[in-house]
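If you want the building blocks of each chain, they are given just below.
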Amino acid sequence: MQKKTSRRAFLQTAGMTTLGLSSLPILSSALLGCEDTKSTKKTALSTASSSLVTRKNIADIPVDDPEIKLFKDAIRILKERSEISPLDPMGWLAQGMLHATFCATSIYSNQVHYNWYVWPWHRLYLWSMEQKIQNAVNEPQLALHYWDWTKSTVIPEHYWGDETNPLFNVTRLVGPQDEIPKDFINVGAGFRASRYRTFGGYPAIKKRGDAQLDGLAEQSFHNNIHNWIGGQMATFTESGFDPIFYGHHGNCDRIWDAWWTYSPNNKLPDEEEWLEKKLYATDGNGRPVEFKIKELLNSEDLGYRFADLDLNPNYCNPFLEEDKPKRNETKQDCIAPLNLKTSDTDAIYKDFIDKERTHVILHFERAQLPYQPYCARVFFEYDKEGTKQSKYTGTFTILPILDLDSVLLQNGVHLQIEIEKEIADAIDAKKDIQVIFQPVPLPNRNIPDELLKLENISLVTHYENE
Ligand SMILES: [Cu+2]
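Treat the numbers as computed from the prediction; the structure is a model and nothing was measured.

Q: I tried to follow the overall build of the chain on my own but got confused; where do I start?
A: Helices and strands together make up the secondary structure of the chain, namely 13 helices and 12 strands. For the chain, buried positions account for 58% of its 466 residues. The contacts of the chain with a sequence gap of at least 6 include a subset with a gap of at least 24, amounting to 78%. In the form shown here, the chain has an accessible surface area of approximately 19,300 Å², with 51% of it arising from carbon and sulfur atoms.

Laid out in structure tokens, this is it:
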């Protein structure tokens, strides 16, 4: 894939044609219709001249700014639509259900998690929401926001208060003062993965029983934060009902852009199976729309750009030794020996040294997952000159999917991990390595009593059926 170069404005007639968006006549007339009323409407946004909106970090906008007020008005209107008619396709419930349809489904061809469709589909889902809020308040310049949690490690005050704030959600298990643990928001391990499959996920399964491999971004910061927030956000079925979803995913969408825009080695898939894949959502009027992934790659084609793609560098660089989570034994620790075949060991070390390939796949077969979200810090433990070494390799959250968890159980779970030189050396030296999953206590909930059970943990450079 080419890096993005064009800065085309969305909904210009020529753009619509070249993008093959002619299936969206309703959308364009709705927006053009808004033009008439816009001149009489005085909002903070009405000075903007382009049809391109800028998504900003919500924490950078004062809570009492007219832009935030308008955003809240729009969400309130969507919620009111659903109160009047729960099935209103332009309402809040229908929008949240759209996420459930593609994210909590047992129809494999619809599932957009645990595979390489996760980022393009969620981009489309955010677009769908942005169209609806623009439509709700007749303001085509109204943008969604992102919550850059690498800079604001608490949930911004915009999302708190009580039921009178449409951005508030009562089910969250964290509070306004709770800070996300540093290791939950490490985006660097993902940035350093040049293969899209490692960062963004492997091809979707074709039939029941195939192994699913989601990418590092989904398994780590995306899932970690969903689950850390808790309540509806920690479920696939209901996360679309918490307004913070749009802030969190706004940032994930931005990180996806940053990953391939600014790292010359990072390439998007060039397989037709990915580029030509049709993804579905609804437009601002609740009408069904379909986009091919190749039409979703330039955010400006979808009418938005990001204020910036700058993340807090602390979370983009490898953790300093003193910042890495420490190994603390818990009674729920899950420990299993790493099974290393000589061929794998050689390949991993050779890739590490010759190709500077620092990412590998940790595969555990016939794992038994608790049927609830499971967040763990993963350590490799081995002996070095008589001293036990505990090497941190990452923090992951596994979110169970309805129906599909049994597939995961059969075929195991794959984690994409980044290893450092000392671990590569230990692998090369054929040391006995123990893999430890140390569950992380989260605010207002206990570590699941039900333990993760692991069988046969192995390490591979890439998935065998690739
Ligand atoms: Cu998500």
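That was the structure; now back to the text.
Q: What is the right way to read the pairing of strand β8 (residues 374-384) from this model?
A: For a regular strand, side-chain orientation follows a simple rule: the groups alternate between the two sheet faces. Of all the 11 residues making up β8, nine are buried; the element is thus mostly covered by neighbouring parts of the structure. In this sheet, strand β9 (residues 387-398) lies alongside β8 in antiparallel orientation, the contact comprising 11 bridges. Bridged to E381 within β9 is S390. The antiparallel hairpin formed by β8 and β9 contains two residues in its connecting segment, where E385 sits at a positive phi of about 50 degrees.

Q: Sorry, what's going on with the coordination of the copper ion here?
A: Tetrahedral coordination by four donors places them ideally at 109.5 degrees to one another around the metal; octahedral coordination by six donors ideally gives 90 or 180 degrees. For the copper ion, the full set of protein donor atoms is H222 (NE2), H226 (NE2) and H249 (NE2), at a range of 1.9 to 2.1 Å. Taken in chain order, the donor set of the copper ion reads H-x3-H-x22-H. With H222 and H226 both in helix α8 (residues 216-229) and four residues apart, this pair spans about one turn of that helix. For H222, a relative accessible area of 0% corresponds to the buried category.

Q: Just to check I follow, could you spell out the packing of helix α4 (residues 92-103) against helix α5 (residues 118-136) for this structure?
A: Working note: a packed helix pair is described by the angle between its axes plus the distance between those axes. Two elements in contact, α4 and α5, have axes separated by 11 Å at closest approach and are oriented at 170 degrees. One element, α4, and the other, α5, form an angle in the roughly antiparallel class. Facing W92, Q95, G96, L98, H99, F102 and C103 of α4, the residues of α5 in contact are W121, H122, Y125, S128, M129 and K132. A breakdown of the residues in the contact of α4 with α5 according to their chemical character gives seven nonpolar, five polar and one charged.

Q: Would you mind showing me how to read the nonpolar core here?
A: Where a protein is soluble and globular, its nonpolar side chains tend to be buried together. W147, W149, W256, W274, L362 and F437 are the most contacted members of the largest nonpolar core, which totals 122 residues. Ranked by residue count, the leading element in this core is α5, at 10 residues. When residues of this core are assigned to domains, at least three fall in each of domain 1 (13-315) and domain 2 (323-460).

Q: It is not clear to me how the pattern of salt bridges should be interpreted in this structure. Could you clarify?
A: In the structure shown here, the tally under the stated rule is 32 salt bridges. Residue E67 pairs with K56 through a salt bridge whose shortest N-O separation is 2.7 Å. With E67 in helix α3 (residues 66-84) and K56 in strand β1 (residues 53-57), the pair connects residues that are 11 residues apart, well separated along the chain. Under the relative-accessibility criterion, K56 is labelled partly exposed at 30%. Residues K151 and D148 are paired through a salt bridge, measuring 3.5 Å at the closest nitrogen-oxygen approach. A relative accessible area of 44% means that K151 is categorised as partly exposed.

Q: Honestly, unusual backbone geometry in this entry has me stumped. Any pointers?
A: Backbone phi values are negative for most residues with the exception of glycine, while trans is the configuration of most peptide bonds. One non-glycine residue with positive phi stands out, namely E356, at about 50 degrees. Examined against the element boundaries, E356 turns out to sit in the loop between α11 (342-354) and β7 (359-368).

Q: Honestly, the packing of aromatic side chains in this entry has me stumped. Any pointers?
A: The description of an aromatic ring pair rests on the distance of the ring centres and on the angle between the ring planes. Inspection of the entire model under this criterion finds 18 aromatic pairs. With 6.1 Å between their ring centres and 55 degrees between their planes, W92 and Y246 make a pair best called tilted. With a gap of 154 residues between them, W92 in helix α4 and Y246 in helix α9 (residues 244-261) connect regions that are remote in the sequence. The residues W92 and Y246 share a single accessibility class, namely buried. One aromatic cluster is present, built from ring pairs that chain together W92, F102, W121, Y125, F245 and Y246. Its end group placed over the ring of Y304, R55 keeps NZ or CZ at 3.4 Å from the ring centre. The ring of W160 carries the charged tip of R172 above its face, separated from the ring centre by 5.2 Å.

Q: Looking at this model, I keep getting lost on the sheet that holds β1. Mind explaining?
A: Backbone hydrogen bonds are what pair the strands of a sheet, in a parallel or an antiparallel way. Strands sit in the order β2-β1-β5 across an open sheet of three strands; the sheet is parallel. A single partner strand is all that each edge strand has here, and the edge strands are β2 (145-146) and β5 (304-306). Across two bridges, β1 lies against β2 in parallel orientation. Paired with N57 across the strands is Y146, a residue of β2. Along the sheet face, α5 touches β1 and β5 and points at about 105 degrees away from the line of β1.

Q: Would you mind going over α3 with me for this structure?
A: Because an α-helix packs 3.6 residues into every turn, residues spaced three or four apart end up facing the same way. Over its 19 residues, α3 runs 27 Å from end to end, which matches the ideal 27 Å to within 8%, given 1.5 Å per residue. Its buried side turned inward, α3 meets β1, α4, α5 and β2.

Q: I tried to follow the environment of N265 on my own but got confused; where do I start?
A: Its place among the elements puts N265 in the loop between α9 and α10 (272-275). Through-space distance from the C-alpha of N265 to that of R195 is 8.5 Å; in sequence the pair is 70 residues apart.

Q: Would you explain α8 in this entry?
A: Over its 14 residues, α8 extends 19 Å from the first C-alpha to the last, a length consistent with the 20 Å expected when each residue adds 1.5 Å. The largest bend in α8 amounts to roughly 35 degrees and is located at N223. The buried fraction of α8 is high, at 14 of 14 residues. A positive backbone phi angle near 80 degrees is found at G230, which sits one or two residues after α8.

Each value, and the rule that gives it
- Residues numbered from 1 in each chain as written.
- Predicted model: local features only at pLDDT ≥ 70, side-chain atom pairs only at ≥ 80, totals over all residues.
- Heavy atoms only, no water.
- Helix = DSSP H or I, 4+ residues; strand = E, 2+ residues; numbered from the N terminus.
- Buried < 20%, exposed > 50% of the residue type's maximum accessible area, 1.4 Å probe, protein only.
- Contact = heavy atoms within 4.5 Å.
- Areas by Shrake-Rupley, 256 points an atom, 1.4 Å probe, with all protein chains shown as cover.
- Pairing = 2+ DSSP bridges.
- Donors = N, O, S within 2.8 Å, 3.2 Å for Na, K, Ca; no water.
- Axes fitted to C-alpha atoms, helices over the stretch in contact; angles between N-to-C directions.
- Parallel < 35°, antiparallel > 145°, perpendicular 65-115°, else oblique.
- Nonpolar A, V, L, I, M, F, W, Y, C, P; charged D, E, K, R; others polar.
- Core = buried A, V, L, I, M, F, W, Y, C linked by side-chain atoms within 4.5 Å.
- Domains from an automatic or database assignment.
- Salt bridge = Lys/Arg side-chain N within 4 Å of Asp/Glu carboxyl O.
- Phe/Tyr/Trp six-rings, centres within 6.5 Å; stacked < 30°, edge-to-face > 60°.
- Lys NZ or Arg CZ within 6 Å of the ring centre and 35° of its normal.
- Expected span 1.5 Å × (residues − 1).
- Bend = angle between axes of the 7 residues up to and from the residue.

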